[in-house]
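What follows is the residue order along each chain.
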Amino acid sequence: FMFSCIPIMAFSSSVASMSSHNIGAGQPERAVKAMWTGISICLIVTVLFNILTFFRGDLVISIFSSDPDVIENGRLYLKYYAFDQIALSFVFIMNGYFNSCGHSVFTMIHSLITTFAIRVPLALFFSKMAGATLLHIGIAAPVSSLASIIICIVFLMHQKKKREQETL
């Protein structure tokens, strides 16, 4: 399903580039504006694509396989993956912004934490449930991404407060 992440990754790279240029020019507020603008535009593209995958994921999966079991399981997985894509619009673009600010260690750490402390354990937990399907296992991805958004917003607020204190 990486093909659906390509627009998100492209927006993330664009925001990182625009943000780093603005930071280099001494315009950190413009870098933040680039981040929010990137998130807004990316959300529009992602939501439109995910309307298709949420309601007719079978059409997308049938491009890659004609096996009815694969199509059905893929359709179920895409129902929650659609929510993850929306969350990733925030996470990837915020990570691009943070990387442009020189906080790449933060992006690595929060990604590792949410992957190995939330996503993997939840996927394992749901996979052990009786009657578990890819729909159940797929819940782990958006929950993990939501945790990433929360961590990123807290870090963003911390950085804003730090910049404000430096200008005093």
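Before reading further, recall that the structure is shown in the block above.
Residues numbered from 1 in each chain as written. Predicted model: local features only at pLDDT ≥ 70, side-chain atom pairs only at ≥ 80, totals over all residues. Heavy atoms only, no water.

Caption draft 1: Summary view of the packing of helix H3 (residues 68-100) against helix H6 (residues 140-167). Across the interface, H3 lies against H6 with an axial gap of 9 Å and an inter-helix angle of 25 degrees. Overall, the two elements H3 and H6 adopt an arrangement that is roughly parallel. Between H3 and H6 the crossing geometry is left-handed. From H3, Tyr-80, Phe-83, Asp-84, Ala-87, Leu-88, Phe-90, Val-91, Met-94, Asn-95, Tyr-97 and Phe-98 reach across to H6, where they touch Ala-141, Pro-142, Ser-145, Leu-146, Ser-148, Ile-149, Cys-152, Ile-153, Phe-155, Leu-156 and Arg-163. Across the contact of H3 with H6, the residue classes tally to 17 nonpolar, three polar and two charged. (Axes fitted to C-alpha atoms, helices over the stretch in contact; angles between N-to-C directions. Helix = DSSP H or I, 4+ residues; strand = E, 2+ residues; numbered from the N terminus. Parallel < 35°, antiparallel > 145°, perpendicular 65-115°, else oblique. Left-handed = near helix turned anticlockwise from the far one by under 90°. Contact = heavy atoms within 4.5 Å. Nonpolar A, V, L, I, M, F, W, Y, C, P; charged D, E, K, R; others polar.)

Caption draft 2: How the structure looks around helix H1 (residues 6-24). Along its 19 residues, H1 runs 27 Å from first to last C-alpha, staying within 8% of the 27 Å computed at 1.5 Å per residue. Every buried residue belonging to H1 is among Ile-8, Ser-12, Val-15, Ser-19 and Asn-22, and all of these are buried. The arc enclosing the buried residues of H1, seen along the axis, measures out at 100 degrees, which places them on a common side. Away from its buried face, by an angle of more than 90 degrees, H1 presents the exposed residues Ile-6, His-21 and Gly-24. Those residues of H1 that are buried are in contact with helix H2 (28-61) and H3. (Expected span 1.5 Å × (residues − 1). Buried < 20%, exposed > 50% of the residue type's maximum accessible area, 1.4 Å probe, protein only. Arc of directions from axis to C-beta.)

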